[in-house]
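What follows is the residue order along each chain.
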Amino acid sequence: MKGILFIVATPIGNLDDITFRAVEILKSVDIVLAEDTRHSKNLLKHLNIAKPIRAFHEHNEREKTKAIIEELHSGKSIALISDAGTPLISDPGYFLVTQAKKEDLRVVPIPGASALITALSASGLASDSFTFLGFLPSKQAARIKLLKTLLNQTVTSIFYESPKRILATLADMHAIFGDSRKVCLAKELTKAFETIQTDSIPNLMKYLKIDQRHQKGEFVILVSATDKIDRTGAETQLDTLLPILCAEMGASKAAKLAAKITGIDKKKML
């Protein structure tokens, strides 16, 4: 029998957020792969779980994957965890999972906490459609180039950012988006000093500058969709899109979906 690779989500702050299923899986596997073994040993100790734990991070993932695949083929079951949240979401594991799939090994997700979904749910920004772009580029030129591509974004945009760049990133956002966008800064999620602030960019910059402690912690940044749309481009897209949708569903449902995609008011289509 081949082993199973479990992708186990762990708490992003409050240790009580781990699921019953995650605990049972961690108890049952032969090996735990962890991004930071010191951090993860504390979690396993808290859960009264004693298992062999190995370092598995971005610097050794490719080097270690072959041996892990061989162990899975030999029948060992392995759990992959990250420091916090769901593995592979801006964390190591993609190469391992890809190789396991190629080897026809079973990969089982054990869902749980995710910082981006936690922040989105309490941000007050539109949550029906969003795009997640991971960590913003550390270099300003690349960061500005990426942010400019979001000027006409019609869904909520979500990023991760480090405390040392948070002010510089907001300054770049202000230069590109101006005062019109609502932005949410979320940090220390599920912890004692959890903060979720949704406001204009200038107000958020003031908040960060008032107290250096406001700049500490890993940030989730959520940016509201633009209120403006490229009318000509949207109408051209609509002319192509609406007949295709109408062929697959009722006119009202097609118009509703087309409105979400193009940003054009549904009432103007019917």
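Going by the structure above, here's the rest.
This is a predicted model, so every value here is computed, not measured. Residue indices follow the written sequence of each chain, beginning from 1 at its first position. Only residues with pLDDT of 70 or above have their local features reported here, since the model is predicted, and side-chain atom pairs are shown and tallied only from 80 upward, although totals for entire chains, interfaces and linings are computed over all residues. Here the side-chain values reflect all heavy atoms present in the structure, with hydrogen atoms and water set aside.

Student: Looking at this structure, how should I read the nonpolar core?
Tutor: Soluble globular proteins tend to bury their nonpolar side chains together. In this text, buried Ala, Val, Leu, Ile, Met, Phe, Trp, Tyr and Cys residues form a nonpolar core when linked through side-chain atoms within 4.5 Å. Each residue is placed in one exposure class: buried if its accessible area under a 1.4 Å probe, protein chains only, is under 20% of its type's maximum, exposed if it is over 50%, and partly exposed if it falls in between. Ranked by internal contacts, the top residues of the largest apolar core, which has 20 residues, are Phe6, Val8, Leu26, Val32, Leu47 and Ile110. Strands here mean DSSP runs of E at least two residues long; helices mean DSSP runs of H or I at least four residues long; both are numbered from the N terminus. If you tally residues by element for this core, the top one is helix α1 (residues 20–28), at 4 residues. Two residues form a contact once any of their heavy atoms are found within 4.5 Å. Apart from the residues lying within four places of it in its own chain, the contact partners of Val8 are Ala22, Ile25, Leu26, Ala79, Leu80, Ile81, Gly85, Pro87 and Ile110. Ranked by size, the runner-up nonpolar core spans 19 residues in total, among them Leu136, Leu147, Leu150 and Leu208.

Student: Got a minute to help me understand the pattern of salt bridges in this structure?
Tutor: Charged atoms that come close allow side chains of opposite charge to pair. In the sections that follow, a salt bridge refers to a side-chain nitrogen of Lys or Arg positioned within 4 Å of a carboxyl oxygen of Asp or Glu. In this structure the tally under the stated criterion is 7 salt bridges. Of the charged contacts in the structure, one is a salt bridge between Glu71 and Lys76, with a shortest N-O distance of 3.5 Å. Judged by relative accessible area, which is 34%, Lys76 ranks as partly exposed. Where Arg165 meets Glu161, a salt bridge forms, and the shortest distance between an N and an O atom there is 3.2 Å. Considered together, Arg165 and Glu161 belong to a single accessibility category, that of buried residues.

Student: Would you mind showing me how to read the packing of helix α6 (residues 140–148) against helix α7 (residues 166–177) here?
Tutor: In a packed pair of helices, the relevant descriptors are the angle between the two axes and the axis-to-axis distance. Each axis is a line fitted through C-alpha atoms, taken for helices only over the stretch in contact, and angles between the N-to-C directions span 0 to 180 degrees. Contact geometry of α6 with α7 gives a least axis separation of 10 Å together with a crossing angle of 45°. Between α6 and α7, the crossing angle belongs to the class labelled oblique. Note on packing geometry: the crossing formed by α6 with α7 is right-handed. Contacts between α6 and α7 involve Gln140, Arg143, Ile144, Leu147 and Lys148 on the former and, on the latter, Ala168, Thr169, Asp172, Met173, Ile176 and Phe177. Under the scheme applied here, ten amino acids are nonpolar (Ala, Val, Leu, Ile, Met, Phe, Trp, Tyr, Cys and Pro), four are charged (Asp, Glu, Lys and Arg), and all others, including Gly, are polar. The residue makeup of the contact of α6 with α7, split by class, is 6 nonpolar, 2 polar and 3 charged. In what follows, roughly perpendicular refers to angles from 65 to 115 degrees, roughly parallel to angles under 35, roughly antiparallel to angles over 145, and oblique to any angle outside these ranges. Handedness of a helix crossing follows the sense of rotation of the near helix relative to the far helix, less than a right angle counterclockwise being left-handed and clockwise being right-handed.

Student: Would you explain helix α2 (residues 37–46) in this entry?
Tutor: Residues three or four positions apart in an α-helix share a direction because the helix packs 3.6 residues into each turn. Every buried residue of α2 is accounted for by Ser40, Leu43 and Leu44. The buried residues of α2 occupy an angular sector of 95° when the element is viewed end-on, so they sit on one face. Across from the buried face of α2, at angles greater than 90 degrees, the exposed residues are Arg38, Asn42 and Lys45. In this structure, the buried residues of α2 make contact with α1, β2 (31–34), β3 (53–55) and β4 (78–81). Once α2 finishes, Asn48 follows within two positions and takes phi at roughly 60°, a positive value. Directions pointing from the helix axis toward each C-beta atom define the arc.

Student: Where do I start with the layout of surface pockets in this structure?
Tutor: Residues are called lining when one of their atoms sits within 4 Å of a cavity or pocket point, these points coming from a 1 Å grid over the protein atoms alone, where a cavity is a set in which a 1.4 Å probe fits but cannot get out and a pocket is an open set with protein on both sides within 12 Å along at least five of seven lines. Grid points are joined across faces, edges and corners, and a volume is the space filled by probe spheres set on the points. Looking at the largest pocket, its volume works out to about 760 Å³. What lines the largest pocket is a set of 29 residues, among which Ile12, Asp83, Ala84, Ala115 and Glu218 lie closest to the centre. Contributions of two or more residues to the lining of the largest pocket are made by α2 and β10 (219–223). Here the element with the most residues in the lining of the largest pocket is α2; it accounts for 4 residues. Residues that form the lining of the largest pocket fall into these classes: 12 nonpolar, 10 polar and 7 charged.

Student: Please explain the sheet that holds strand β1 (residues 4–8) as it appears in this structure.
Tutor: Pairing within the open sheet is parallel, and its 5 strands lie in the order β3-β2-β4-β1-β5. The open sheet has two edge strands, β3 and β5 (106–110), and neither has a second partner. The sheet shows a mean angle of 25° between the axes of neighbouring strands, taken without regard to direction. Between any two strands, at least two bridges found by DSSP are needed for them to pair. As paired elements, β1 and β5 share 5 bridges and run parallel to each other. Looking across to β5, one finds that Leu5 is bridged to Val107. Its contacts with the sheet place α1 against β1, β2, β4 and β5, and it is angled at close to 140° to β5. Taken strand by strand, α2 contacts β2, β3 and β4, and its axis lies near 155° from that of β3.

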